[in-house]
Amino acid sequence: MASDRLAALKAFDETKAGVKGLVDAGVKAVPDIFRHPPDPLSPCTKVAAIPVVDLSGPRSEVVAAVREAARTAGFFQLVNHGVPEAAMSGRLAAGEEEEVLPPACRGVAPKYTAQVRMLGRALFELLSEALGVRRGYLAEEAGCLETLSVAGHYYPACPEPHLTLGAVRHNDPGFLTVLLQDGVGGLQVLTDVEDGEGNVSAAWADVPAVPGALVVNVGDFLQLVSNDRFRSVAHRVVANSVGPRMSVACFFRAKGATVCAPVAMDGGGPPRYRTVTAEELLRSSGKQNGLRDVRL
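Cut-offs applied
- Residues numbered from 1 in each chain as written.
- Predicted model: local features only at pLDDT ≥ 70, side-chain atom pairs only at ≥ 80, totals over all residues.
- Heavy atoms only, no water.
- UniProt positions renumbered as here; feature names shortened; annotations may be inferred.
- Helix = DSSP H or I, 4+ residues; strand = E, 2+ residues; numbered from the N terminus.
- Rg over C-alpha atoms; globule rule 2.2 N^0.38 Å.
- Buried < 20%, exposed > 50% of the residue type's maximum accessible area, 1.4 Å probe, protein only.
- Contact = heavy atoms within 4.5 Å.
- Areas by Shrake-Rupley, 256 points an atom, 1.4 Å probe, with all protein chains shown as cover.
- Lys, Arg positive; Asp, Glu negative; His and termini not counted.
- Charge placed at Lys NZ, Arg CZ, Asp CG, Glu CD.

Under an unreviewed UniProt entry, the name given to the protein chain is Fe2OG dioxygenase domain-containing protein, and the source organism is Aegilops tauschii subsp. strangulata. Quoted verbatim from the Cofactor (unreviewed entry) field of the UniProt record, the comment on the protein chain reads "Fe cation". Among the UniProt annotations of the protein chain, the heading Sequence similarities (unreviewed entry) holds the following wording: "Belongs to the iron/ascorbate-dependent oxidoreductase family."

Next up, the structure:
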C-alpha cells in the first residue's frame, strides 16, 4: 500500500543515516522501498560508443569533434581538459566522508568547482562555434553559465543489484553536465542497437570509466537552444555488487526567469520549440514528456 511505503520512507529518512547506514549495519537484502520494477527495455549488452574529445587538438578539429559528439551521442569523454588530476582525485576522496560538509570538502570542493566553471566557459564557446554563432553566445546570451550546481553521489556496494538502481532513467534538465566518476562504473545511456537483421531497438549500454577523463552530456535546455542540433539523451546508473562508487556531477543551468529560445542559425530551419522561461522548461523536463511539452 502507498501509505505503508510512505511510512517506511519517513522512518528511513528519520534515521539520518542514509543508504550508507544500511550498508554499515550489514544489510543483506534491498529494502522494499528501494526496489524497482523490471525495466521493459533490453539489458545492457554492449559498451556505448561514446566519442572522445581531446581539447589539446587544433581548434577547428576540436569544434568539429564537439559538434559531432553533441549531435549524435549526446555524450562525450573529455580528455586534456585542464582540470588537474590531483583536483579530481581529491574531490572524489572528499566525498567519501560521512558528514554533510566534511572538512576535506571545504577546501577541495570550491577549487574543483571553480576549475569546472572555467572549463564550462571553454565548452560553451566550442559549442557556440559548432552551432555557427559567435563564440560567446551560449555563455553570455543564452544564460548557460548563470548557475552551476554540484551534486556528489555515493553508491555503496549492493547485495542485490538486479533489484534496484543507483539513479532511475532521466534526462538532465540543464544545458550541460560535467561528470567526474571513479573507476567502478555503472553509468548507462539509452542507445539504439541493431540485431544484425536490420531491426533496431533501444537498449542500455555502459559508459566506460576512462582514467583522467570527464564525461560531458547535453541537457534538455541545450537541445532546445540548439533547435535539435544537439541531443539530450536518457541515462541511468545501475547498482553494483562492488563499490562504493563515487561521482561528482556539475550541472550548468539557467536562472528561473531566463528566457530559453532556439538560436537563429544560418540554414538552421524554423524553430522547433516555443520560447519558454527556464522555470517552465524545468517543470516540463521533470515530466515523462520532457521537451515534447514545449515543442511546436
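**Points about the overall build of the protein chain**
What the protein chain contains, in helices and strands, is 8 helices and 12 strands. Rg of the C-alpha trace for the protein chain: 20 Å, near the compact-globule value of 19 Å for 296 residues, within the 12% margin. In terms of overall dimensions, the protein chain has a C-alpha envelope of 60 × 45 × 45 Å along the principal axes. In the protein chain, buried positions account for 43% of the 296 residues. Within the protein chain, residue pairs in contact and separated by at least 24 positions form 76% of the contacts whose partners lie at least 6 positions apart. Within the structure as shown, the protein chain displays about 14900 Å² of accessible surface, and the carbon and sulfur contribution to it stands at 54%. Here the protein chain contributes 30 positively and 33 negatively charged side chains, and the mean placements of these two sets differ by 4 Å.

**Points about the side chain of S247**
Relative to the assigned elements, S247 resides in strand β10 (residues 245-253). Those residues within four positions of S247 in sequence are excluded, and the remaining contacts are L92, A151, G152, H153, Y155, L179, L180 and Q181.

**Topic: unusual backbone geometry**
Unlike most non-glycine residues, N80 shows phi in positive territory, near 50°. The backbone of D228 shows a phi angle near 75°, a positive value even though the residue is not glycine. With respect to the helices and strands, D228 occurs in the loop between α7 (220-225) and β9 (235-238).

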